[in-house]
Amino acid sequence: MTEAAKPLGPRPHVGIGTKIFYGLGSVAFGIKDNGYRVFLLLFYNQVVGMDPRAVGLAITLALIIDCVIDPILGEVSDNWRSRWGRRHPFMYASALPIALSFLLLWNPPAGWSEQALFWYLVAVAVLGRSFITMYEVPSSSLAAELTEDYDQRASILGWRYFFAWWGGLTLTVVMFWVFMAKHGQLSPIPYHLYGYVGAVLMFVSIIASAAGTHRFIPWLRQPVAGKRTLGQTLSQMKETLSNRPFVVITLVGLVAAIAQGVSFTLAFYFSTYFWELNPFWTGVLVLDSYFSSAIALVAAPMLSKRSGKKKAGTILLAASVLTGFLPLMLRLLGWFPENADTYGEIPAIVPWLFLDGVVRGIFGITAAILITAMLADVVEHSEVKTGRRSEGLFFAFTSLVQKAVGGVGVMAASFLLVLINFPRNAKPGQVDAEIISNMALVYMPLLALLYGTALAIMQLYNISRETHEENLRIIAAKAQAAEAADVVP
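In this text the structure is predicted, and so the values were computed from the model without any measurement.

Describing the nonpolar core
Part 1 of the reasoning: Y44, W106, F270, W275, F422 and Y443 are the most contacted members of the largest nonpolar core, which totals 121 residues.
Part 2 of the reasoning: If we ignore the near neighbours within four places in the chain, the residues touching Y44 are G49, M50, V55, L104, L105, P108, Y120 and L121.

Written out as structure tokens, the structure reads:
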């Protein structure tokens with residue numbers, strides 16, 4: 001490995017173009033995330049013909065392996081020395097493998113036995129997740145390096161969330177309303193097309209993002225030179241990860257990930273049985289994220305400047321949860337339109353649910369941007385104490401924790417369904433009204449408890465705007481002292 005090129009001239013300005021290029025790479029993550037969550041189980045179970053338990057096991061194995069890879073890649077990226085710096089070599093190198101693995105995922109071999117297909121799915125899913133991690137960890141870490149400004153980090157990360165939502169959602173809508181509309185949802189053709197289009201978009205977005213931020217390489221941080229033993233590496237990782245604000249943000253992410261697991265798992269149950277919507281109108285409601293993510297992009301940096309990240313993030317996350325409960329509470333009180341009511345041919349509940357989804361999304365996505373920006377500010381707080389830049393390790397470990405507990409939320413949701421005696425093979429409109437009401441009455445307190453716990457933990461985070469600026473002053477003073485010592489004969 002070689003040294004990065006030395007800066008020539010002034011540092012480039014982080015303007016709107018840089019933010020767009022930086023955020024564009026998250027299109028790949030959005031496409032991957034939607035593919036795995038929305039289509040993968042249905043494709044391999046109903047179209048390919050695999051046992052759903054085998055599909056679930058294959059996905060779980062890939063997730064476990066991915067969790068192991070995350071912190072390793074984070075530590076390697078933090079300490080990589082090359083003429084292209086610490087992050088860009090991994091970003092460039094991941095583009096083609098990500099595209100190819102996504103293409104293979106949706107084009108499995110024909111005529112293979114179920115056991116062979118199981119191992120094929122495991123292998124391709126492991127490769128796909130691993131190479132996405134190879135891009136995501138360095139790319140997310142880059143946010144803390146492109147700027148040290150307290151508010152601008154919220155703006156940069158806002159573009160990241162924006163493109164992740166729009167990229168993943170757009171291809172999902174194309175899948176439902178174009179590919180499946182023409183060929184049917186149980187034909188393999190839509191999934192093959194999804195794989196080809198997704199692979200191209202992922203490759204282009206990653207290369208564009210890496211190239212669009214390439215000019216900043218000479219100004220990005222380099223790791224301290226010198227070799228370390230395994231023991232020294234593990235000791236330094238432990239010291240880094242014991243940083244108090246980082247532990248707080250990690251615990252917030254852990255509890256929130258469990259809550260999201262419950263929410264995502266039961267979302268289909270609520271749309272199908274509580275609101276009795278068909279797939280078309282359910283798909284219409286998904287479009288609310290287009291509006292909420294665009295507004296959150298603007299709102300996050302504004303609220304960071306006005307109120308600070310912790311205060312704004314706390315209020316917005318609480319508001320998001322309460323807004324999500326509002327239609328359920330109004331229905332239980334008898335103050336919401338009935339499922340059979342219509343405005344012409346539009347179900348009367350759809351506009352209200354759509355509006356609620358937009359508002360809830362604005363609050364929730366903005367809160368997520370601010371909380372992620374809080375994690376970026378931990379980098380300098382840790383550097384003051386350890387003398388090391390550990391962006392990759394911080395972002396990778398937080399991602400690991402959230403992935404690891406995501407299944408807990410799914411399990412909690414399944415226990416909720418057992419608790420209320422939700423029937424198997426249930427048909428919309430034919431489930432006992434008491435069971436439907438109980439689903440909401442158990443769901444809301446459970447989510448309130450989980451998110452309430454996350455918000456309480458977040459109050460222990462102790463990096464403010466003033467703290468962050470003081471950390472920057474300390475780091476700058478140390479750097480000046482080191483330069484002065486180098487020039488003294």
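Focus: the packing of aromatic side chains
Part 1 of the reasoning: As enumerated under the stated definition, the model contains 22 aromatic pairs in all.
Part 2 of the reasoning: Here F274 and W275 contribute two aromatic rings whose centre-to-centre distance is 4.8 Å and whose plane-to-plane angle is 75°, an arrangement assigned as edge-to-face.
Part 3 of the reasoning: Residue F274 is classed as buried on the basis of its relative accessible area of 4%.
Part 4 of the reasoning: Linked through ring pairs, F43, Y44, F102, W106, Y191 and Y194 together constitute an aromatic cluster.

Overview of the pattern of salt bridges
Part 1 of the reasoning: With the rule as written, the count across this model stands at ten salt bridges.
Part 2 of the reasoning: A salt bridge links R153 to D377; the nearest nitrogen and oxygen atoms lie 2.9 Å apart. Of this pair, R153 sits in helix α6 (residues 152–183) while D377 sits in helix α13 (residues 349–386), and the two are 224 residues apart along the sequence. We note that R153, like D377, is buried.
Part 3 of the reasoning: R360 serves as the salt-bridge partner of D356, at 3.1 Å between the closest nitrogen and oxygen. Remark: R360 and D356 occur in helix α13; sequence separation between them is four residues, near one turn of the helix.

Concerning the environment of R215
Part 1 of the reasoning: One can find R215 in the loop between α7 (188–212) and α8 (230–241).
Part 2 of the reasoning: For R215, a relative accessible area of 44% translates into the label partly exposed.
Part 3 of the reasoning: Excluding residues within four positions of it along the chain, R215 makes contact with P12, H13 and T18.
Part 4 of the reasoning: A polar side-chain atom of R215 sits 3.0 Å from a polar atom in the side chain of T18.

Describing a nonpolar patch on the surface
Part 1 of the reasoning: Judged by side-chain polarity, V38, F176, W177, V178 and F280 come together as a nonpolar surface patch covering roughly 460 Å² of accessible area.
Part 2 of the reasoning: At three residues, α6 tops the list of elements feeding residues into the nonpolar patch.
Part 3 of the reasoning: Mapped onto the elements of the fold, V178 is located in helix α6.

As for α13
An α-helix turns once every 3.6 residues. As a result, residues three or four positions apart point the same way.
Part 1 of the reasoning: Compared with the 56 Å implied by 1.5 Å per residue over 38 residues, the 55 Å span of α13 between its first and last C-alpha is a close match.
Part 2 of the reasoning: A large share of α13 lies buried, amounting to 29 of its 38 residues.
Part 3 of the reasoning: Of the residues flanking the end of α13, it is G387, one or two places downstream, whose phi is positive at about 80°.

What about the environment of A154?
Part 1 of the reasoning: Among the structural elements, A154 can be located in helix α6.
Part 2 of the reasoning: Taking the C-alpha atoms as reference points, A154 and G25, separated by 129 residues in sequence, lie 17 Å from one another.
Part 3 of the reasoning: Setting aside anything within four residues of it in sequence, one finds A154 in contact with A300, P301, S304, I369, L370 and A373.

A closer look at unusual backbone geometry
Part 1 of the reasoning: The backbone of E276 shows a phi angle near 55°, a positive value even though the residue is not glycine.
Part 2 of the reasoning: For E276, the position within the fold is in the loop between α9 (244–274) and α10 (279–286).

A few points about the packing of helix α3 (residues 52–78) against helix α5 (residues 114–146)
Part 1 of the reasoning: For the pair α3 and α5, the least separation of the axes is 8 Å and the interaxial angle reads 30°. Classed by the angle they form, the pair α3 and α5 counts as roughly parallel. In terms of crossing hand, the pair formed by α3 and α5 is right-handed.
Part 2 of the reasoning: Its residues placed into classes, the contact of α3 with α5 shows 18 nonpolar, four polar and four charged.

Regarding helix α2 (residues 26–47)
Part 1 of the reasoning: Of all the bends in α2, the largest measures some 55° and sits at F39.
Part 2 of the reasoning: Positive backbone phi, at 100°, marks G49, one or two positions downstream of α2.

Topic: the packing of α2 against helix α4 (residues 88–105)
Part 1 of the reasoning: Axis separation between α2 and α4 bottoms out at 12 Å; the angle between their running directions is 20°. On the basis of their axis angle, the class for α2 and α4 is roughly parallel. Of the two possible hands of crossing, α2 and α4 adopt the one that is left-handed. Contacts from I31, K32, Y36, L40, F43 and Y44 in α2 reach F102, L104 and L105 in α4.
Part 2 of the reasoning: For the contact of α2 with α4, the residue count by class is eight nonpolar, no polar and one charged.

Observations regarding the side chain of T213
Part 1 of the reasoning: For T213, the location among the structural elements is in the loop between α7 and α8.
Part 2 of the reasoning: T213 gets classed as buried once you look at its relative accessible area, which sits at 0%.
Part 3 of the reasoning: Polar contacts involving the side chain of T213 include one to the main-chain carbonyl oxygen of S209, which spans 2.9 Å.
Part 4 of the reasoning: Residues contacting T213, with those up to four places away along its chain left out, are Y22, H88, M91 and L142.

Reading the values: the criteria
Residues numbered from 1 in each chain as written. Predicted model: local features only at pLDDT ≥ 70, side-chain atom pairs only at ≥ 80, totals over all residues. Heavy atoms only, no water. Core = buried A, V, L, I, M, F, W, Y, C linked by side-chain atoms within 4.5 Å. Buried < 20%, exposed > 50% of the residue type's maximum accessible area, 1.4 Å probe, protein only. Contact = heavy atoms within 4.5 Å. Phe/Tyr/Trp six-rings, centres within 6.5 Å; stacked < 30°, edge-to-face > 60°. Salt bridge = Lys/Arg side-chain N within 4 Å of Asp/Glu carboxyl O. Helix = DSSP H or I, 4+ residues; strand = E, 2+ residues; numbered from the N terminus. Polar contact = N/O pair within 3.5 Å; in protein donor to acceptor, adjacent residues only side chain to side chain. Patch = residues over 30% accessible without salt bridge, like charges linked within 9 Å, V, L, I, M, F, W, Y side chains within 5 Å. Areas by Shrake-Rupley, 256 points an atom, 1.4 Å probe, with all protein chains shown as cover. Expected span 1.5 Å × (residues − 1). Axes fitted to C-alpha atoms, helices over the stretch in contact; angles between N-to-C directions. Parallel < 35°, antiparallel > 145°, perpendicular 65-115°, else oblique. Left-handed = near helix turned anticlockwise from the far one by under 90°. Nonpolar A, V, L, I, M, F, W, Y, C, P; charged D, E, K, R; others polar. Bend = angle between axes of the 7 residues up to and from the residue.

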